[in-house]
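Next come the chains, spelled out residue by residue.
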Amino acid sequence: MSQPQAGVCARTPTDVLQTVFGHQSFRFPQAEVIAHVMHGGDALVLMPTGGGKSLCYQVPALLRGGVAVVISPLIALMHDQVRALGKRGVRAATLNSTQSPEQAQAVRQALQAGHIDLLYVAPERMVSTRLTELLRQVPVSLFAIDEAHCVSQWGHDFRPEYLALERLAADWPGVPRVALTATATAQTRHEILNRLGLNQARVFVSGFDRPNIFYQVVHKTDVRAQLLQLITQSHSGQSGIVYVATRARAQALASWLRRHAVAAWPYHAGLERAQRQAHEAAFADTPGAVMVATVAFGMGIDKPDIRFVAHVDLPRSLEHYYQETGRAGRDGLPATAWLAYGINDVLQRWQLARNAQGSASQLQRVLQAFDEMLRFGESLQCRGQALSAHFGQDSGPCGHCDNCLARDMPQAQWDATEAAQMMLSTVYRLWRERGQRFGSGHLIDIVRGKATPRVRLQSHDTLSVFGVGAQWSVVTWRLVLRALLAQQMLVPDDEGYGTLAMTPASVALLRGQQKLLMRQLASD
Ligand code: ADP
Ligand code: ZN
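Parameters and conventions
Residues numbered from 1 in each chain as written. Chains lettered and ligands numbered in written order. Predicted model: local features only at pLDDT ≥ 70, side-chain atom pairs only at ≥ 80, totals over all residues. Heavy atoms only, no water. Helix = DSSP H or I, 4+ residues; strand = E, 2+ residues; numbered from the N terminus. Buried < 20%, exposed > 50% of the residue type's maximum accessible area, 1.4 Å probe, protein only. Contact = heavy atoms within 4.5 Å. Donors = N, O, S within 2.8 Å, 3.2 Å for Na, K, Ca; no water. Tetrahedral: all angles 85-135°; square planar, octahedral: opposite > 155°, others 65-115°. Near = heavy atom within 4 Å. Polar contact = N/O pair within 3.5 Å; in protein donor to acceptor, adjacent residues only side chain to side chain. Areas by Shrake-Rupley, 256 points an atom, 1.4 Å probe, with all protein chains shown as cover. Nonpolar A, V, L, I, M, F, W, Y, C, P; charged D, E, K, R; others polar. Expected span 1.5 Å × (residues − 1). Salt bridge = Lys/Arg side-chain N within 4 Å of Asp/Glu carboxyl O. Axes fitted to C-alpha atoms, helices over the stretch in contact; angles between N-to-C directions. Parallel < 35°, antiparallel > 145°, perpendicular 65-115°, else oblique. Left-handed = near helix turned anticlockwise from the far one by under 90°. Pairing = 2+ DSSP bridges.

Caption draft 1: Geometry of the overall build of the protein. Scanning the protein from N- to C-terminus turns up 22 helices and 17 strands. The C-alpha extent of the protein, read off along each of the three principal axes, is 90 × 50 × 45 Å. Buried positions account for 52% of the 524 residues belonging to the protein. Summarising the internal contacts of the protein: among those between residues at least 6 apart in sequence, 73% fall at separations of at least 24.

Structure follows, in structure tokens:
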């Protein structure tokens, strides 16, 4: 704790950036945030993962007198930051539950002696009276609230202790507060400002485009084979994360990949803590390691060279998708965000949502988030543009997604209206004429004219729609169904057996008042 204060002769933020951190220039909007905080203003900083949020408070921490208190939910990350800052000669320390009483005491003494510029603490610490009293005895330069979306009750990372941070404003009037997050929907932004009492805060948003990530959405057929192909053909020997919906799937898929010579580990909340840590360490240290994980593997992944993030199940929201894919390519080198999904994902999600406990409004939000995710998957619009729009920003086509590439190719779009009409009129007839509803497989058999035993038994081969769509493959029909489900022109009925029903939205398409455009398939 006795090193000289870092950058004693550094005067301006740029001096600090260059002499202490070794970077040439600020990235947008670092300089703006720093200037604002230096003048005592509160800020909410929304930047994508890897964007450089830390400097937004580290630089003012070194320029304003006193100690900057950084509230962060992850102890491992705090240790990393303190170590990294120490190497640069910055006097940083942490107070947390993993320390011995002697270690904690040494930190307290250094703090009282004015020898600490940045103090990292967990949110539960921040509300303890002991720390509060200690901090009253020293000048505090600023409060940084990292991963500020943890205050959002709707979010996956909700931490009740974050709610108590609202008190900071009243307890330390005049001390600037900087909240930082990579989660940037209008809803989360609103909640952070409200719940942390940041009424006067200026909001800084950086671009959400990640130019080195190639976004690709594919149709799920044999997903394990598809994934293996992605890994062995495009990312052989490289690290990646595969996101799955359930713990069981994480286990099973990791084992399967290992049997196929991929160094894979599972990660989910059902594993023992020690095991999770072991898998994290293996992922960090093994070249070509693949983590097969649920959403539990998230905040705090600090591996810059993740070359691909694959989703083999539909993410629960665009927010999750963006956050999870954003872990790829933090070093700025090319990386892939790959999403595979099919009709069954759509049906399962609906089922899950329907079975979920919770209030009607919660269910509404879950479904709405899911709906946005689906529309993103089905869309022919640029993926980068769609993501930016989701975060309230306009942008041009990104040029680094499947849809941007497809747009440059002739006949990239297929007008699937006729096929969709065939499918909808099949559903309509069965219901109208026979009071029957069926699932996707049987419907496809009918339109393709496949006289399976079940089709014959039901004498569905006598329907006028039998075989009208024989020219299209099963895969194409599954895609048409997926698109109809995504647009809610078909919905699973309440029986819950995967049987499909029409909606008011389907009528416009049946009447020819609306079109269904889809991407042209390579196989057709
Ligand atoms: P975040 O917290 O937003 O995910 P970090 O603060 O950890 O991102 O920064 C991500 C990486 O970007 C780090 O390696 C950091 O050194 C680097 N970085 C941040 N700001 C700059 C800058 N102005 N110039 C060059 N590199 C920077
Ligand atoms: Zn694009």
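Caption draft 2: Structural detail: the coordination of the zinc ion (ligand 2). Surrounding the zinc ion (ligand 2) are the protein donor atoms Cys382 (SG), Cys398 (SG), Cys401 (SG) and Cys404 (SG), at 2.3 to 2.4 Å. Around the zinc ion (ligand 2), the four donor atoms sit at angles spanning 95 to 123 degrees, and that spread fits a shape best called tetrahedral.

Caption draft 3: Just the site of ligand 1, in detail. Ligand 1 sits among 14 residues. The nearest are Ser25, Gln30, Gly50, Lys53 and Ser54. Residue Gly52 places a main-chain N or O atom 3.0 Å away from an oxygen atom belonging to ligand 1. Protein contact buries 69% of the 570 Å² of open area that ligand 1 shows by itself. Here the residues of the shell around ligand 1 are counted per class, giving three nonpolar, eight polar and three charged.

Caption draft 4: Structural detail: helix H15 (residues 360-378). Here H15 contains 19 residues, and its C-alpha end-to-end distance of 27 Å stays within 8% of the 27 Å for a straight helix at 1.5 Å per residue. Residues Phe370, Asp371, Met373, Leu374, Phe376, Gly377 and Glu378 constitute the buried set of H15.

Caption draft 5: View of the pattern of salt bridges. All chains considered together, the criterion is met by 16 salt bridges. For the salt bridge of Arg375 with Asp371, the shortest nitrogen-to-oxygen distance reads 3.2 Å. Within this pair, Arg375 and its partner Asp371 are both found in helix H15, separated by four residues, close to a single helical turn. Judged by relative accessible area, which is 48%, Arg375 ranks as partly exposed. A single network of salt bridges, built from pairs that share partners, joins Lys220, Arg249, Asp313 and Asp345.

Caption draft 6: Representation of the packing of helix H10 (residues 223-234) against helix H11 (residues 247-259). Contact pair H10 / H11: the axes reach a minimum separation of 12 Å and the direction vectors enclose 55 degrees. As judged from the angle between their axes, H10 and H11 are oblique. The handedness of the crossing between H10 and H11 comes out as right-handed. Between H10, through Arg224, Ala225, Leu227, Leu228 and Ile231, and H11, the contact on the second element is made entirely by Ala252, Leu253, Trp256 and Leu257. Looking at side-chain class alone, the contact of H10 with H11 contains eight nonpolar, no polar and one charged residues.

Caption draft 7: Region of the structure containing the sheet that holds strand E6 (residues 177-181). Taken together, the seven strands give an open sheet; going across it, the order is E3-E4-E2-E5-E6-E1-E7, and neighbouring strands pair in parallel fashion. The sheet terminates laterally at strand E3 (92-95) and strand E7 (202-205), the two strands that pair on one side only. In this sheet, adjacent strand axes meet at a mean angle of 20 degrees when their direction is disregarded. Direction of pairing for strand E2 (residues 67-71) relative to strand E4 (residues 118-121): parallel, over a ladder of four bridges. Counterpart to Val69 in the pairing with E4 is Leu119.

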